[in-house]
Every structure is written in structure tokens, then in C-alpha cells.
Amino acid sequence: MNTRYVRGFTLIELMIAVSLGIILVYTATSAFRVAAQAVTTANRMSLENAVLRAGYQIAHRDLDFWTNVDDPHNTGRQGLRPGGLGSGMPFTRFSTSWPGAVSDSETATGHDPRDTAWAMGNKRVWWRGNMAEKNNTDLRFGRYSLFANRNSTLAADQFSSVEVLSGMAMMNTTYGGPVTVPHSWAYNQISGLEKSLGFYGLCDYLPANAIYSWYEPYSGASNLGGMPFWLISPDWPFNNGDGGQQTPRGKYRNSYQTSYGIIDPRSSNNPDELRDRHRRWYHLGYGSGEGSHNEFNDWSAIPDNHLALKPLNWPGLDVSVQRFIKNTRFVNLARVTWTNPISGQVAEMSFTAFGTTLRGARQQRGATGGWAKWDNDGSTNDPTLDSN
Amino acid sequence: MLVLRVCRPDHRALTSRNPRRGFTLFEVAISLVLVSVGVISVMMVYPMGIKTQLLARYQLYASAKAEEMVESFNASHNANPAIDAEGIAPWDVPVAYKSQAHDLECRVATHRFGLIPLPLDIARRLDSDADEIQQILAQGGYLYYSQPMATSNTEEQGMRIAPPNETQRMVIAVTGFAQHNAIGIFPWKAWPYLMPYPSAPMQGLHWHNDWLPASAPKFDFHGQSYSWEATSPTGSPIPGADSDIRVVFDAYKAYTYDNNPTVELATAYLQAALQYAQLKGLTADFYQPNPIPNPVPDFIAGTLDLAGEDATHVAWKQVQAMRYLSHAATCMTRWKSLAELGGQPSTGMGVAIGANAGGSPAISLTHDLITYYHERCMNLIMRYSASFPYDWAAPRPLQRTQMMDFPLIEFDLFHPPLTGVLFSEDIGRGTIPAAQWKPLPARPIHNVGVSYQFPSPTLPHNASTPTHTIPDGSTLGSPEYQAFWGDHSRSTLTKPFKAAERCRQIVFWAVDWQSYEDCETAPSAPVDASKYPIPGPLMSRNFSYRMNFVDFRDEQLYSFRNPEKVLTFMWDVTNRATGDDVSDAIGLNRAFDEFAQRDRGDGTVPGNNAKAREVFSGVYGADRNFNRKLDRGQVPRSVRLRATTVARFNFYDPRLPMTIR
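Throughout, a residue's number is its position along its own chain's written sequence, starting from 1. Following the order in which they are written, the chains are lettered starting with A and the ligands numbered starting with 1. Residues qualify for local features only when their pLDDT is at least 70, as the model is predicted, and side-chain atom pairs are given and counted only at 80 or more; totals for whole chains, interfaces and linings, by contrast, use all residues.

## Quick look at the overall build of chain B
The secondary structure listing takes helices from DSSP runs of H or I that are at least 4 residues long and strands from runs of E that are at least 2 residues long, numbered from the N terminus. A count of helices and strands for chain B gives 14 helices and 18 strands. By the compact-globule yardstick of 26 Å for 661 residues, chain B is too spread out, its C-alpha radius of gyration being 35 Å. Buried, partly exposed and exposed are defined by the number of other C-beta atoms within 10 Å of a residue's own C-beta, namely 20 or more, between the two limits, and 12 or fewer respectively, with C-beta atoms placed from the backbone. When the 661 residues of chain B are sorted by exposure, 47% land in the buried category. Taking all contacts inside chain B whose residues are at least 6 apart in sequence as the whole, residues at least 24 apart take part in 75%. All radius of gyration figures rest on C-alpha atoms, and the globule criterion is 2.2 Å times the number of residues raised to 0.38. Once C-beta atoms have been placed from the backbone, residue pairs whose C-beta atoms lie within 7 Å are recorded as contacts.

Below you can see the structure in the form of C-alpha cells.
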């Protein structure tokens, strides 16, 4: 009889086999768990990266085209366009706020959109005045309004009267008139830009070396020389109180303690308020506090929620582009913020970047809506917001 | 040795035709290894996805940061109006410092512009491909991290708490050698001096009159003042220092500062201006043309050659004469009416201006003549400043400041440098050796004159024996000229170059350096000595005093400080718990002299401004992520982290200092 020898696993063998099985199962399970987590994490990061990239591109679109404050195809976002004659905002058409024919004449008072308008070799662009003229001047250095004035002709009553010693007595005397003033163009351009665009626009359009003041007929709103108080006095909407400086200023002094900015049209439904907000300074420099920064941010850095209708598992995306002038620098500050859909944690990428100037942005926009079409030779360019 | 088998072989089965045996342990082990390799290989693929996504994200951060660096470099000027920009010798003022170089790395390594040196303690723990980070550090370079808040020029103390910013997990370095570019300021004389046109002779505050020659026209107006242009230090002719201006200034001073203004004093001022024109050899055709030319010209015919060059360097005389004449004549419009001034057009006689005691020419002043003066003044200065940047006799017009007002000057690197000693207390008392390359303008500078702050005789390259002024182009080729200026044949600023010759790189790495336990308590990286401000030489003041003299002002002196300054802790916070609110300890925009009064956190108040120096140096660390909390990571400082290369951007620095609008 052929006895067949059969035996089972020993306990040791069984334990080893079970152990190996457990290890295999555990390893496989862990591998799958890690794999699943890795895939989930990678997918989440991929989604976040896609959202972040989109935010980065949106920020650059806004930097290039200013669509966050003025969308040519969305009338609901054109709050910086309303304006009337001499009372505009950054995107008001010049034909509405500051019409005028292009002319090389010194007496031209309308906007001159030509690239060569402010060529330094052109005598009409030179600032002619007394840089030391204070708001309480006694006119000891004379009447510079004779050389350049917003009015090309000044009547006798458009000069201030000053007290002089005549014979043995003091008497009031004035200059008399009428006087034809040789230069008017530059002052009317400076004034026109301010009235049409506000302070940021004024700085954007004028050459970097501009002096921010002018002469006009003497009145209660000007000093004895005819220089408007609001352009030379400290602590007025245009001039900060830094150092108590009287006299005209360049851009640096007014932008190292304070700033001018572009106000987001969504910050107010009141066009008058928006106009006023473009005609004041904001304290962001030396001695400023959190309150003034927050106030300015509330007016100028309103984020756009670009994923309002997103799946629940997608991160939120907000983008803001803020524009202001600080230390003569035209700051274009972009903030891309994304929110974790699970934890709610917010992360931000903020950066400054080159951006289109306001002048460039206005010339991107068609005069009658939409984007302006440009060609290479200029013969069939569409009219823009800058067109007369 | 392990000899267990999974299944013991049956000796009878070995002879069976159908043997049945199990796997050996070796076979099973091999199988397990193969399975493990397979599983692990698959597992390793998954983190690759995460790593790729991380890299993609950091590349985006790097792009944004590089863009910001370039933008802030080009759009921000390095305005430091509170520093002294000129001295007797270039090493006596900070304008020749590295921090003032128009170099991307130097310019943006401030708390305002976004690059902050990573603490050296931390930077030395970072590994990278080819050990590039350590090589940069070994060569004296910095490794930077991105500042936590936007680089907006605004005051940091008003900024909101920065949200988590992953950009900070990058470290950044600039590789490649610093380039040889134009110098931004001529340190012996911070040209261009700017004046409005028309104007009186240049005058203003002078901090320390020790340096003024006895003949300088001093006066007191809101402090010690003097007229620079009316100074002729040695009494001997110095090109660009015009003693004739004194007559104009004295009359102007009498009218403006010394008395209540009167028509008589205004007339005397005008007479002095006419006298000056006469002293400059100008004739009646210039100051009383008849008829008044229309259009009003600029230079007198024949002043410039056919190429428009001022070969004899005398054009400035007309500029200055008409500048003063126009300013003085316009004063008369306060006192005289249009009718008295002959009407417009001026058909009347006008106001008779007689000769003064100095023999000034007599003229008949009319409204049209005043207008002519103004027009010609503007024509002259605008053409002069546009055409002759290498002639320094007349100040540049404030109305048209632009980069071309400053001539192209570089240092001559292939010539023995100027040498001397740092100023200390008085001439000849300094003992610390100093050196600087010789300045090299693209063209010789004419009418250099004297400096506003140091119009006394100076010898820029050896302050111990001040017997000379800066030689101007009229002495070109002389030993005196060669001793000061570089060799013109080595001027490079106008020569073409290939981009590759000047190429540098911005390199970004990703590494979570904030996971270190001392990420906020590690001291700042050593502060580059060029970050120290220093005022010009003051008599009786030694170097230490001069270091203390300048008040720290963030809004003006951000280039002269520890780049971590606004984030630095003012005292030791190591005893505080992780996560503690440390708002009270952050320096922000406080002036450093405030720190001097503070204790070290243990009740001891160090004397002699030691505390200010400690805070300036960042010895207590900094709130590097600007969340106003004390952060400590989990990684001990003994651990090295590996930095992964994220991106490299090629760039080269511009040759000339300039900003975009």
C-alpha cells in the first residue's frame, strides 16, 4: 500500500504566511491610500495653480487694460465716465469734459492729444512763473502772470492792487491793462487736465518734470499774483501739509507723504462723490496709520470675485489692481487672493508690475463704446476717449 | 545563517515523478522585493505629480517677483533728500556707496522694494545644485527672501497684517558680476544744481559755515545762509566760480532780506543786474535792443560755432546775465504800472533806470523790454541746458529737469585710484586710509566751479593738503588734470556692447526656510556697510559722531538701513512663546533714535546708542512674515534643507541711472 505522506502547515508557516499576507495587504492598502492622497493633493494643487494662473493673467489683463475700473463692453462698469464740461473723471471723454480744436496756437484751450504736444523744445510748454511765490506773497518779485496766464488777455481789474510808497504816503496801485499775455497754452493744458481727469490723471498726463501750478486772473481764490491758493497752499486737497510748504511744487513733494489714486467706481454710486475722491490726497506715507490705509484701500482696492459660480471644491479667487502715486512712482499693485474651500484659509500673491498709463488706457477705448481699433499708419484709427 | 524553509522537502518526494514542493524563502523574498519595487515605483510616481505642481506654482511666484523687481527698480528713484550728497572727497559722503549704485540688486534690497537678505545663519544651512547658494555666500553675496507685503512705497506701519505669502518660501540671488555703469552723483559736487529761471543768485541754508571762505556772502535767514554763486573762494579766477555775481547778490539781498522792499531797492537790484551784464562783456544790443527782436533769439550770433558748439565755453555768461536781468526787471512790475512802463506795445518812454555807482548802463525800462528779458532768459537756459551738459557754469533749470542734465561720468577702473584719508574733525587729522577710482566724464567738464557745501579750496584726492580746486576742462592734459580725472580714452558709457557681456541672472530657489525653529529669531544678515548713512564732513566731528548725526527717516533714507529694518524686533523675544503677539516689539517706521532709549527687554539700558545699533543690525531677529506673531518652525537648526531651483531670469543693468516717468 502506497502510503501517501501528507502534512499541513505548521503554525510557524501559517503565521509567516499570514504575516506576509498582512504586510502585502497593508502595503497595498497604504500604497493606494498614499496614491489616492497624492492624486487628490496633486489635483487640488493643479486646480489651485490653474486658479492662481488665471488670477495672475486677470491681474495682468487689468494692468494692461484697466478693465477692473472701466470695462468698455459693460456699461455697468463705467462709473468713471460720467462728467460734464470742466468736471470729469478718469474715463470721461474729453469731447464731453474738455472739448477743443487741436492747434499750435498759444491761445488754444482744448486738449491737444498729439504725442508731440509736450515736446520740451516747444516754447509753449515751458513753465513760466515764480517758483518762490507764496500764498501770502507781497509780490516783491513782480507779476509773472504777465508772461503766462490762463487768460491771454488781462483787463486792468484782473491784477491785484498792492500798497506802495508814493511820495510821502502809502497808496494802493495796480498794474493796469489791458495786457496781452504771450503764453497761455501750458497753463490751460494743466488746468484742463485737472478739471477733466482729477489729480491722478493730471499727474499721468503731464511730463515727469511738470510744475503743478499756473496763473489766472487775480481773484479771491488766488494770491496777489494770480496763482490759485489750492495749488500753492499747504493742507488743501491738492497739497498736503508737509513742512507747511507754500509755493508751487513738483510731483515728489506731494507724493512722498500723501498719494493720489484711482478710485474704484464700485465704491460709490454717487458720481459727485467719485469725482471728489479723485481730487484729494490720501495719507499713505510718513506718519500715516492703519486707518488712512484702510480707507484708501476701501476706495481703491475692491477685489473682483472671479469665481462666484464655482463648484464647492474649487478655491475662491479674488483679484484687485490698485493704482496710486507714491514718491513719484506710479504704483500698480496687484493682489491675487485664493481661498481654500475646505479650511477657508486665505493665501495671497501680491506684486507690483508695469501697467498701461491712464492715457494709454483711455486711448484703448473707443469714443462711442467698445475698444478702439488702431492700425499701423494711423489713417483709420478709431476715435478714442481722448479724441476731441 | 537563515536556513528555514517554507516547506521541508520530503525525501521520498524527491524521487517522485511528480514532485510537489513549495517556494523557498529566497524565492519568496525575491518575489517580495520585485513586488515592493513595483509598488514603491508606482508610489514614487504620485509625489512627482505634487512636486511638479509645486514647481509650477513657484515658477509663477518667481515670474511675479521678477517682474516686481524689474518694475520697482525702474519706476522708483532712489531719492534720499536728507543725505549729504557732496563732500571734499568721495569717501566722505555716501553717494559713492554700493547702496547707491544703479544696480538692480543694490537698488531693490530695501524694505521698500522687496528684497531682504536671508539671515546668514539660515542661508548657510541650505543646499542647492552645484552648491550654488553656498558659493554665492562665500563670494560675499547675499541670499534674499521676498518681503511679505507689497512693495508699494507706502508706510509699513499702516499696512494690514500680511496674509500667508508663499512667495516667501523662495530664496533669491543675483548671480554674475556687478557691472561698470555711470555714477549717479558726482560726489565732489552734487551736480546738477537746479534753479528756477529767472532767479536771483543761488542762495540758501548752509549747515556748517566752517567750510565757507571768509569772503563768502553769509547772512541769516531761517538759519545760516550764504550765496554759493557769489562765492569766489581764493580770489583768483576759478572757471565756474564767478566773483562778478557778488554785485547782483548784494543788491538782491538788500532788497529781499535786509530791508522792507522799496522801489529804490528794486531799482538798485536791476542796476546791479545790468552791471553784471556789462561785466560779462555784453552790450546794449543784448540788454536794450532797439527794436526788440521778434522772435526773441537765444544766443548772440557768433557765440556758437556752425556745429552749435560753444568752443570757447562762454555761452553761460549770456545765460546768467539774462537770468538775473529778467528776475530783477520783473520786480519792477510790483512798483510800476503798465502806463508808467510805456504801455503795450511800449510806445511810451518807460521808466528811466540810471547808472549806479559801479557804472551800470542806463536804460529805459518798458513793459515790452521786461517781457523780452523773460522770453530771452527762457530761450537761453533751455538751449544751454539741452546743448551743454558738460558746462557747469550756470545751474540747470528746475522747469525742465531730466536725465540729460547730468553728464555721463564713470569711474576709471584701470588707473591708480585717488587716495586719501577719511575726514575726522579737521583737515589733516584723519588717519583712516581711503581710496576711490578717478572720475571719468565722457567729455571734459568745463567751468566746474566749486561745490555748494564745500566752496573752500579742496583737493579731492588728498584731503590732508587742500590746496586746489577741481581742475576743469580748460586744463585738459595738464598734470593737475591727470592727477584728478581718469583717462578719456577709457570712457565706455557711449560704446556699444553685447547683451551677453553684461548679462546677469536672478535665480529663484524654493525652500521652506520658515520651517526652521529660528526663522524669526535668527539675527539679520550682516548689514552691508554701504547701508550706513553718513553726513558730510563737519568740523570737530569724528567718524562716530557723523554716523550718529543723521536721523533715520524711513520715507527718505530707506537705502541707508538694514533692509529688514521695519520688521526687526527691538528687543530679545526668545523668551516669548511661539505664536505670541509681538506687535509691540516690531520696529516698523520708528526712528532709530527712539530705540536708544529702550531697554533690552531685561531692564538694562545700554548707553552710547548701543541699543540703536543693535536694532539697526537686527540682532534680535525680525517678524519676517509680518503676521505680528512670533513664529518658530519645527525643523532644528542642525538640519540642512535642500533648495530646489525654480527659475532663472537673464537681465542686465542699465548703464545710466534713470527712472521711467
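## Let's talk about the overall build of chain A
Along chain A, the regular secondary structure elements total nine helices and 10 strands. Relative to a compact globule of 388 residues, whose C-alpha radius of gyration would be 21 Å, chain A shows 33 Å and is clearly more extended. Taken along its principal axes, the extent of the C-alpha atoms in chain A is 160 × 50 × 40 Å. Going through the 388 residues of chain A one by one, you find that 44% of them count as buried. At a minimum sequence separation of 6, the contacts of chain A that also span at least 24 residues come to 56%.

## Considering the packing of helix α1 (residues 11–65) of chain A against helix α1 (residues 25–75) of chain B
The convention used is that axes are lines fitted to C-alpha atoms, helices contributing only their stretch in contact, and that angles between N-to-C directions extend from 0 to 180 degrees. Interaxial distance between α1 of chain A and α1 of chain B falls to 9 Å at its minimum, and their mutual angle equals 15°. It follows that α1 of chain A is roughly parallel to α1 of chain B by the angle criterion. The handedness of the crossing between α1 of chain A and α1 of chain B is left-handed. For the contact of α1 of chain A with α1 of chain B, the class distribution of residues is 20 nonpolar, six polar and two charged. Angles below 35 degrees are treated as roughly parallel, those above 145 as roughly antiparallel, those between 65 and 115 as roughly perpendicular, and all remaining angles as oblique. Definitions for this section: a left-handed crossing has its near helix turned counterclockwise from the far helix by less than a right angle. A right-handed crossing has that turn clockwise. Only Asp, Glu, Lys and Arg are considered charged, only Ala, Val, Leu, Ile, Met, Phe, Trp, Tyr, Cys and Pro nonpolar, and every remaining residue, Gly among them, polar.

## A few points about the interface of chain B and chain A
Contact residues are listed per partner, giving 65 residues for chain B and 70 residues for chain A. Elements represented by at least two residues in the side of chain B that touches chain A include exactly α1, α8 (315–335) and α9 (367–387) of chain B. Looking at the side of chain B that touches chain A, the element that brings in the most residues is α1 of chain B, giving 20 residues. For the side of chain B that touches chain A, a count of residues per class yields 29 nonpolar, 23 polar and 13 charged.

## Some details on the nonpolar core
All names here are of chain B. Under the definition applied here, buried Ala, Val, Leu, Ile, Met, Phe, Trp, Tyr and Cys residues are grouped into a nonpolar core through C-beta atoms within 7 Å. Judged by nonpolar contacts, the single largest core of 227 residues is most densely connected at Y144, V171, Y269, A273 and L325. Broken down by element, this core gets its largest block of residues, 12 residues, from α8. Beyond its immediate stretch of four places on either side in the chain, L325 contacts A273, L274, A277, Y287 and Y373.

## Looking at the sheet that holds strand β3 (residues 144–146) of chain B
Residue and element names in this part refer to chain B. Should DSSP find at least two bridges between two strands, the strands are taken to pair. Spatially, the five strands line up as an open sheet ordered β1-β3-β4-β16-β18, and their pairing is antiparallel. With partners counted over all chains shown, the strands left at the sheet margins are β1 (115–117) and β18 (644–651), one partner each. In this sheet, adjacent strand axes meet at a mean angle of 35° when their direction is disregarded. Relative to strand β16 (residues 504–510), strand β4 (residues 170–175) runs antiparallel, the two being bridged by six bridges. The residue bridging V171 from the neighbouring strand is W509, located in β16.

## Notes on the pairing of strand β9 (residues 329–339) of chain A
Residues and elements named next belong to chain A. Across the 11 residues of β9, 10 count as buried, placing the element largely inside the fold. Examined bridge by bridge, strand β8 (residues 316–326) and β9 share 11 bridges and lie antiparallel to one another. Across the sheet, residue Q322 finds its bridge partner in β9, namely L333. The antiparallel hairpin formed by β8 and β9 contains two residues in its connecting segment, where N327 sits at a positive phi of about 50°. Pairing between β9 and strand β10 (residues 346–352): seven bridges, direction antiparallel. Among the inter-strand pairings, T337 is bridged to a residue of β10, identified as E348. Where β9 folds back on β10, the antiparallel hairpin that results is connected by six residues, among which G344 adopts a positive phi of roughly 80°.

## Overview of the pairing of strand β13 (residues 418–421) of chain B
Residues and elements named next belong to chain B. With burial as the criterion, only one face of β13 is covered, namely that bearing L418 and G420; the residues T419 and V421 on the opposite face remain uncovered. Alignment of β13 against strand β14 (residues 433–436), held across four bridges, turns out to be antiparallel. The residue bridging V421 from the neighbouring strand is P433, located in β14.

## Observations concerning the sheet that holds strand β7 (residues 304–305) of chain A
Across the sheet, which stays open at both edges, the four strands sit in the order β7-β8-β9-β10 (chain A) with antiparallel pairing between neighbours. If you trace the sheet from one side to the other, it starts and ends with β7 and β10 of chain A, each paired once. Where β7 of chain A meets β8 of chain A, two bridges bridge the pair, whose relative direction is antiparallel. Counted as the bridge partner of N305 of chain A is D318 of chain A from β8 of chain A. Contacts between α1 of chain A and the sheet are confined to β8, β9 and β10 of chain A, with β9 of chain A contributing the most and set at about 155° to the helix. This element, α1 of chain B, spans β9 and β10 of chain A of the sheet and lies at about 35° to β10 of chain A.

## Here's the deal with the environment of R150 of chain A
Residues and elements named next belong to chain A. If you trace the backbone, R150 turns up in the loop between α2 (94–97) and β1 (153–154). On the neighbour-count criterion, R150 (23 C-beta atoms within 10 Å) is buried. Put simply, R150 and R359 are 209 residues apart on the chain and 23 Å apart in space, counted from C-alpha to C-alpha. When sequence neighbours within four positions are dropped, the list of residues in contact with R150 reads S184, Y187, N188, S191, W214, Y215 and E216.

## So, the confidence of the model for chain B
Low pLDDT means the predicted coordinates in that region are not meant to be read closely. pLDDT gives the predictor's per-residue confidence on a scale running from 0 to 100. Taken residue by residue, chain B gives an average pLDDT of 87. The fraction at 70 or more is 90%. Across residues 1–7 of chain B, where pLDDT falls below 50, the model places 11 contacts with residues more than four positions away in sequence or in other chains.

## Some words on unusual backbone geometry
The linkage connecting G177 of chain A with the following residue, P178 of chain A, adopts the cis geometry, with an omega of 0°. Note that P178 of chain A resides in the loop between β3 (169–173) and β4 (179–180). Of the consecutive residues N294 of chain B and P295 of chain B, the connecting peptide bond is found in the cis state with omega at 5°. Assignment of secondary structure puts P295 of chain B in the loop between α7 (284–287) and α8. Non-glycine residue D131 of chain B carries a positive phi angle of around 55°. Note on placement: D131 of chain B falls in the loop between β2 (126–127) and α4 (132–138). A positive phi angle is found at H222 of chain B, which is not glycine, with a value near 55°. With respect to the element layout, H222 of chain B can be found in the loop between β7 (218–220) and β8 (224–227). Here H222 of chain B falls in the exposed class, since 7 other C-beta atoms lie within 10 Å of it.

## Let's talk about the packing of helix α5 (residues 245–258) of chain B against helix α6 (residues 263–279) of chain B
Residue and element names in this part refer to chain B. It is at 8 Å that the axes of α5 and α6 come closest, and there the two elements cross at 170°. Compared by their axis directions, α5 and α6 come out roughly antiparallel. Here α5 contributes I245, V247, V248, A251, Y252, A254 and Y255 to the contact with α6, which in turn contributes L265, A266, A268, Y269, A272, A273, Q275 and Y276.

## Regarding α5 of chain B
Residue and element names in this part refer to chain B. Taking 1.5 Å of rise per residue, 14 residues should cover 20 Å, and α5 covers 18 Å from first to last C-alpha, within 8% of that figure. Axes are fitted to the seven residues ending at a residue and to the seven starting at it; the angle between these axes is taken as the bend at that residue. Within α5, the axis deviates most sharply at Y252, by approximately 25°. Restricting attention to buried positions, one finds in α5 the residues I245, R246, V247, V248, F249, A251, Y252, K253 and Y255. Of the surrounding elements, those touching the buried residues of α5 are β6 (203–205), β7, β8, α6 and α8. Each residue after the first adds 1.5 Å to the expected span of a helix.

## Comments concerning the environment of L212 of chain B
In this fold, L212 of chain B is placed in the loop between β6 and β7. Owing to 20 C-beta atoms within 10 Å, L212 of chain B belongs among the buried residues under this scheme.

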